[in-house]
Amino acid sequence: MKAVGASIPRYDGVAHVTGASRFVDDFRLPGMLWAKALRSPVASARVLRLATARAEAMPGVHAVITHADVPKNVVGHQEVWGIAADEPLLAEDEVRYVGQLIAVVAAETEGQALAAVQAIEVDFEERPAFLDMRQAWAPDQPQVAPDGNVYFYYPDQPQRQIRKGDVAAAFARADVIVEGTYRPGAIEQAPAEPASALSVVEPDGRVTIYSTSQALYYSMEITSRHLRMATGRLKFVGGTVGGGFGGKLDTLTEPVTAVLALKSGRPVKWRWTREEEMLCSSTRAAWHIEIADALTRDGWILGRRTLTLHDAGAYMRTSAYACSKHTFHLAGAYSVPACAFNTFVVKTNHVPTAAMRGFGVTSASFAVETHMNRVAEVLGMSPWELRLKNANRVGDTSPSRVAYANPSTVSTLLAAAQAAGVDLPEAQRAMTNARREGALLPAHLVEQQREPVAHLLAWREGRPALEGGH
Amino acid sequence: MVVPSSATAAIAAFGDGAGITVLAGGTVVTPLVTHGALWPHRVLVLRAAGLDGIEDGATLVVGGAATLAALAEVAPEPLAGAARIPDYEIRGQATVGGNVMIGGDLQPALVALGARVRSAGAGGLRVDPVEDFIAAPWGRLVLSLEVPRPQAGAFLQQRRRHSHTHPVLSVAVARRADGVHVAVGGLAERAPAVACPSVERALAAGAPVREAAERVVEDVQPQDDSLASAWYRRRALPVLVARALERLEQLDAAEGRR
Amino acid sequence: MKFVVNGAQHTTVAGPLTTLLYVLREELGLVGAKAGCQHGSCGACTVLIDGEPRRSCLTVVATLEGAEVTTVEALGDRSHLSDVQVAFNEHYAAQCGFCTPGMLLAATALIKRKGGPVERDEVVEALGGHYCRCTGYVRILDAVVAASRGERLGAMAPSALEIRGVAP
């Protein structure tokens, strides 16, 4: 254990401070071409005509690709998890968001590629765009996808849902019901290094791809689907990433440069501009979250109902997964014995949304913690007391009925109060994470502690669930 | 490309400005060229044209190709404050002329100071009040700015520090021989700065600062843009104007005026 | 157009509106300056021109006749790191490393300008145009202040070097 407590030099520290670290854009290969893309200028349109002949004849141009050049154009970012493929690498007969890729040129210089992009002929028939996810069930709205604007997790179920306890009873016996709506907006991850890739077809036919991906094997899998090429024929080079923050999970530059390299027979590099990175790469999603809490006058949460809408943008990418995570976390760090949570993935004509630092969860935390403050205000009680009272203790169960073996909400709250210089009453300072008893174990929480639980840790370790937990 | 070595040669090369792209500091033009938004036919490079001189005096004369960094060193407030945007490197490269042309941060300060712009273009040399010039700057080559020194001045801006976007709001105030002058910028992206005569009249009539500042909404038409809503700008502007005027009062008090 | 890059004379074949960033990266293979935004807004392409930090993405060849350009490659190499480089390494001031070359050059110029210790707010002002999305600003400030004072923490923990099998 020599490393614990020691200042460990970063393995890449000296390379970084000498400017010697090699990011994707820093590789130069003989004969390398530069890529530039034609992107949709509109949020929704039919593509009536796409002609590349003029661009192909431009000086320095070696290849122009459209959807017809991609071996398998429509792929999903989470097909391995059963989310159906829905996103074309290059647009076919329609575009669904501003910045969607339509065609990409590889030329000897970036300037030549840019000029050729401007020579591509494309005719659109613009359609009304669907931009406000709150209108998902309103009549006569533009349809983003052929199967509708709301994603179906199962054939008969559009929502990711959680049900726990008797929610109707909780609301029936509540002294007070507090409702709130929370709308965290979309955020661009804005890494300092824009998305880039460099693809090279090796003499043996394998393809080497220098990638800025944060998830090399994930990107390799998606690329292999687009190329219809076994992963064994792909060699991904990565690991030096100029910031990602979730934004470099999406896989677009890798398959596009690979298709261009295969078509042109030359190495092809594509470096997104800052504008492309800001406007065309996925963002963190915008969310619409409604919470209603059933409460006793003295600040116990008896039950919670939620309705969440998630703006997936034009294609699914990782939205279904984000909404699952979101739904699991809608009780926050608090014990809510009766839950009815409903989360919907809504497709819109915005840029597709995807990962960013705990995506799905930050929106839930923002809504829940803001709501806790609102509840405290309505009840006229200290927000600290409200939180400490309802904070998860050993034996409490999550919305998905996992019993907490080692929760840390109380200790975290007390540490936060101390750090913030908040002077809490002695009775609150004396609280711990330990199992509820006495005044901290009201009748409505006794029930949930008796529910049979499938405790993940216990399952893994092959021992019964929490001692006394059932 | 033309790289004239004198102002006269630059003026001749500029002609009536048709079909010519002026490159001074390059902070505006270069990204447009790099990203394919501008494909210039003829480029006039000002680096050697001798348009970067600064003559100090009762009236400050600043060459159009002088950098913001050079201006900040000699200019009085509110102009010095306006020149201190947005970061060290850009100030060392961006020029006074380019800033005035694109609706930059100098505009409200120049309006408050009653500056004049010497420019070349169709119809020959011209000297215009800055307000007239910035209303229709295209087709002109900024040769110099003539900035009368005020008794005192202050510049306040609401923006994210060191950011390169246009500001949410800018306020410039200057005490000149004929009274206090107020101008506002940042009412929308690249919107020209405007003078605030209602505020100025209220001050001249002896209204208290806060009351006079409220009048600013009569002088401006803020717009919605990506940085702020018109509603927000109308709410925030009187506060910013009042603060700038209070700063001026403090300066007056410190220097024993009034 | 002729100018000096890291002490060596260079005659560029690029057009007059080509950026210095392009010349450095594509003609000279000096890839330390990064194309972060190519709008002058991120600072990752910063180099020294006649000793002053400038955005190489905003500087075109037409304005460079006779200039002296210094890039991160000339600051120091693995075996001879400059004070600023040592401080950035010791203070863990480089996270993803993409903004680091620009930060190093702006910091080097600041310390040279001041000719002595610099205060934190001076660093904030001088490096304000440099974007670190990893938000490692506190460590960057620590590093620049330390470098300006000639402070060195000394070698990294030797045990760690053994574990990693690397020498800084």
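Thresholds, definitions, all that
- Residues numbered from 1 in each chain as written.
- Chains lettered and ligands numbered in written order.
- Predicted model: local features only at pLDDT ≥ 70, side-chain atom pairs only at ≥ 80, totals over all residues.
- Heavy atoms only, no water.
- Core = buried A, V, L, I, M, F, W, Y, C linked by side-chain atoms within 4.5 Å.
- Buried < 20%, exposed > 50% of the residue type's maximum accessible area, 1.4 Å probe, protein only.
- Helix = DSSP H or I, 4+ residues; strand = E, 2+ residues; numbered from the N terminus.
- Contact = heavy atoms within 4.5 Å.
- Domains from an automatic or database assignment.
- Salt bridge = Lys/Arg side-chain N within 4 Å of Asp/Glu carboxyl O.
- Polar contact = N/O pair within 3.5 Å; in protein donor to acceptor, adjacent residues only side chain to side chain.
- Nonpolar A, V, L, I, M, F, W, Y, C, P; charged D, E, K, R; others polar.
- 1 Å grid on protein atoms, 1.4 Å probe; cavity = no way out; pocket = protein on both sides within 12 Å on 5 of 7 lines; lining within 4 Å.
- Points joined across faces, edges and corners; volume = space filled by probe spheres on them.
- Buried area = accessible area lost by both parts, 1.4 Å probe.
- Axes fitted to C-alpha atoms, helices over the stretch in contact; angles between N-to-C directions.
- Parallel < 35°, antiparallel > 145°, perpendicular 65-115°, else oblique.
- Left-handed = near helix turned anticlockwise from the far one by under 90°.
- Arc of directions from axis to C-beta.

Concerning the nonpolar core
Most often, soluble globular proteins keep nonpolar side chains buried together rather than apart. The biggest cluster of nonpolar side chains holds 55 residues, and the ones touching the most others in it are Leu 71, Leu 79, Leu 106 and Leu 110 of chain B. For this core, the element with the most residues is helix α7 (residues 106-113) of chain B, which contributes 6 residues. Here Leu 110 of chain B is in contact with Leu 79, Val 100, Ala 115, Val 130, Leu 145 and Val 147 of chain B, once residues within four sequence places are set aside. Judged by nonpolar contacts, the second largest core, of 40 residues, contains Val 17 and Phe 245 of chain A together with Val 118 and Ala 147 of chain C.

Quick look at unusual backbone geometry
Here Glu 77 of chain B and Pro 78 of chain B are connected by a cis peptide whose omega angle stands at 5°. Note that Pro 78 of chain B resides in the loop between α3 (68-74) and α4 (79-83). You will see that Arg 228 of chain A, though not glycine, has its phi angle at about 50°, which is positive. Position of Arg 228 of chain A relative to the elements: it lies in the loop between α5 (216-227) and β13 (234-237).

Things to note about the domain arrangement of chain C
Residue and element names in this part refer to chain C. Domains assigned within chain C are domain 1 (2-74) and domain 2 (83-155). Put simply, the middle of domain 1 and the middle of domain 2, counted by C-alpha atoms, are 21 Å apart. With 18 residues of domain 1 at the contact, the number on the domain 2 side is 12 residues. Here domain 1 is connected to domain 2 by 0 salt bridges. Our enumeration of links across domain 1 and domain 2 arrives at 3 residue pairs in polar contact (both at pLDDT 80 or more). When its residues are assigned to classes, the side of domain 1 that touches domain 2 shows 7 nonpolar, 8 polar and 3 charged.

Notes on empty space enclosed by the protein
A probe matching the size of a water molecule, rolled over the atoms, marks out where space remains unfilled. Residues and elements named next belong to chain A. For the structure on display, the rule yields 7 cavities of 30 Å³ or more. By volume, the largest cavity is sized at about 130 Å³. If you go around the largest cavity, you meet 14 residues; those closest to its centre are Ala 195, Gly 247, Lys 248, Asp 250 and Trp 272. Of the residues assigned to the lining of the largest cavity, the class counts are 3 nonpolar, 6 polar and 5 charged.

Focus on the interface of chain B and chain A
Each partner contributes to the interface: chain B provides 4 residues, whereas chain A provides 5 residues. Here chain B and chain A share an interface that buries about 300 Å² over both sides, 64% of which is from carbon and sulfur atoms. The largest share of the area that chain B buries against chain A comes from His 35, Gly 36 and Trp 39 of chain B, three residues that together contribute 95% of it. Our enumeration of links across chain B and chain A arrives at 0 salt bridges. Taken together, the links from chain B to chain A amount to 0 residue pairs in polar contact (both at pLDDT 80 or more). Within the side of chain B that touches chain A, the residues separate by chemical class into 1 nonpolar, 3 polar and no charged.

Here's the deal with the packing of α5 of chain A against helix α6 (residues 253-264) of chain A
Residue and element names in this part refer to chain A. The contact between α5 and α6 brings their axes to 9 Å, and the two run at 45°. One finds that α5 runs oblique with respect to α6. Note that α5 runs across α6; the crossing there is right-handed. Between α5 and α6, the contacting residues are Ser 219, Thr 223, His 226 and Leu 227 on the first element and Glu 254, Pro 255, Ala 258, Val 259 and Leu 262 on the second.

Observations regarding helix α11 (residues 409-419) of chain A
Residue and element names in this part refer to chain A. For α11, the set of buried residues is Thr 409, Val 410, Leu 413, Leu 414 and Ala 417. Angularly, the buried residues of α11 cover 130° about the axis, an arc narrow enough to put them on a single face. Opposite its buried face, α11 presents the exposed residues Gln 418 and Ala 419, each directed more than 90 degrees away. Looking at the buried residues of α11, the elements they touch are α10 (383-390) and α12 (426-429).

So, the interface of chain C and chain A
With 38 residues of chain C at the contact, the number on the chain A side is 35 residues. Where chain C abuts chain A, roughly 3,200 Å² becomes buried across the two surfaces, and 58% of that area is made up of carbon and sulfur atoms. Contact with chain A buries surface across chain C, with Tyr 92, Phe 98 and Arg 133 of chain C losing the most and accounting together for 18% of the total. Run the count over chain C and chain A and you get 4 salt bridges. Counting the contacts that link chain C with chain A gives 13 residue pairs in polar contact (both at pLDDT 80 or more).

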